[in-house]
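Listed below, chain by chain, are the residues.
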Amino acid sequence: MAGSGRRPEHRGPPELFYDEAEARKYTQNSRVVEIQSQMSERAVELLGLPEDRPCLLLDVGCGSGLSGDYISEEGHYWIGMDISPAMLDVAVEREVEGDLLLADVGHGIPFRPGMFDGCISISAVQWLCNADKKSHSPPKRLYRFFSTLYTALARGSRAVLQLYPENSEQLELITAQAMRAGFTGGMVVDYPNSAKAKKFFLCLFVGTSGTLPKGLGTECANEEPHQAKFTNERTRFRNVKGKSVKKSRDWILEKKERRRRQGKEVRADTKYTGRKRRPRF
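Residues numbered from 1 in each chain as written. Predicted model: local features only at pLDDT ≥ 70, side-chain atom pairs only at ≥ 80, totals over all residues. Heavy atoms only, no water.

Participant: Just checking my understanding: could you explain the pattern of salt bridges for this structure?
Facilitator: Close approach of charged atoms allows side chains of opposite charge to pair. Scanning the model with the defined rule gives five salt bridges in all. Notably, a salt bridge pairs arginine 53 with aspartate 117, separated by 3.9 Å at the nearest N-O pair. With arginine 53 in the loop between helix 3 (30-47) and strand 1 (56-60) and aspartate 117 in strand 4 (residues 116-122), this pair connects stretches of sequence that are 64 residues apart. On the basis of relative accessible area, arginine 53 is assigned to the partly exposed category, the value being 42%. Of the charged contacts, one joins arginine 141 and aspartate 104 as a salt bridge, the two residues approaching to 3.0 Å between their closest N and O atoms. Remark: aspartate 104 occurs in the loop between strand 3 (99-102) and strand 4 and arginine 141 occurs in helix 6 (residues 138-152); sequence separation between them is 37 residues. Note on aspartate 104: relative accessible area 12%, which makes it buried. Three or more residues are tied together by salt bridges with common partners; here these are Arg42, Glu45 and Asp190. (Salt bridge = Lys/Arg side-chain N within 4 Å of Asp/Glu carboxyl O. Helix = DSSP H or I, 4+ residues; strand = E, 2+ residues; numbered from the N terminus. Buried < 20%, exposed > 50% of the residue type's maximum accessible area, 1.4 Å probe, protein only.)

Listed below in C-alpha cells is the structure:
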C-alpha cells in the first residue's frame, strides 16, 4: 500500500501496481520525493509529539521509506508496513533506518497494545476502499484496520492519515469506520480553495478528544466545513448523567459492540434490535 506524492490511479491492487519498475521510477522522481517529504512533515506536525523525547511511530503504507526518512531526521524511530514487496526492496536498498514489515493493513495491525506513540500514513488508506478480490469488503477491511490501529496506539496519542478520497462517499466511509473503531477527531483540510495544493489529513485521537488543528490556508476561508469534526457516535445518545438510557436501542447497540470487540459471538443488528415487544393477551 505504498504512498505516493500524486493522486493515485487505481489500476489494480497496490502490490501489483507498484512493481519493481514503478517502485524505482517513483523513488527517483524528484517531484514525488519533494511532495512526499512535505506531506510527511505536515503529518508529523499534526501528531503533536512531545519535544523532549524520541517517539516510536508506525508508518502505514511506508513504500520505499521516503516518509520514514523525515521521521528519522526528526530523531524518532519508526516501523513501516507496506503491501508491495518491490517498494520494500527499494527501501532496503536505500538503507532506511526504520524496521520494515510486508503486510496488508486490511488484515489488521499486528502489534501489541499501546506500542506506538503515533501513526502517520501518506496516500495509502484510500486503497482499502477498493475491492481488488472477491473476498474483499471495504467496510470490513477499513474497520479491521482502524480497530487494530486503535489498539496498537498509546492512549492520548494520534494518527494522521493523509489520503486522496475519490468522492465524498468514500470519505464518509473511511471516517465512519474510524469512528466506529473508537477514534475521535476529524478531517483537517489544507488549502481548501486550491485545486492543486488541497490536501486531506484525517487526524484521529486515541482515548481523548483533543482540539482539532487548523488547516493551512484557511485564514480567509470559512473554516467550519474544512474542519469536519466527529466524535464516537455513542456520545450522541446520552441521558442527563452522560449515559445511554438503559435498555434503549442505543444502550443495547453499545453493549453488543463491546462484546464484538471482546471476540464474542453477537447476533447481527437489525431493525428489530431494541424494539419493544407488544404485550401478549
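That was the structure; now back to the text.
Participant: What is the right way to look at the pairing of strand 3 in this model?
Facilitator: On any regular strand, side chains alternate: one points to one face of the sheet, the next to the other face. Bridge analysis of strand 2 (residues 77-82) against strand 3 gives four bridges, and the strand direction is parallel. Within strand 3, the residue paired with isoleucine 79 across the bridge is aspartate 99. Remark: the strand 2/helix 5 (residues 85-93)/strand 3 crossover connection has right-handed handedness. (Pairing = 2+ DSSP bridges. Right-handed = clockwise from strand over helix to strand, strands pointing away.)

Participant: Help me understand helix 4 (residues 66-73), please; the structure alone is not making it clear to me.
Facilitator: Side chains that are three or four residues apart share a direction in an α-helix, a result of its 3.6 residues per turn. Taking burial as the measure, the eight residues of helix 4 include six buried ones, the bulk of the element. Following helix 4 by one or two positions, glycine 75 adopts a phi angle in the positive range, close to 85°.

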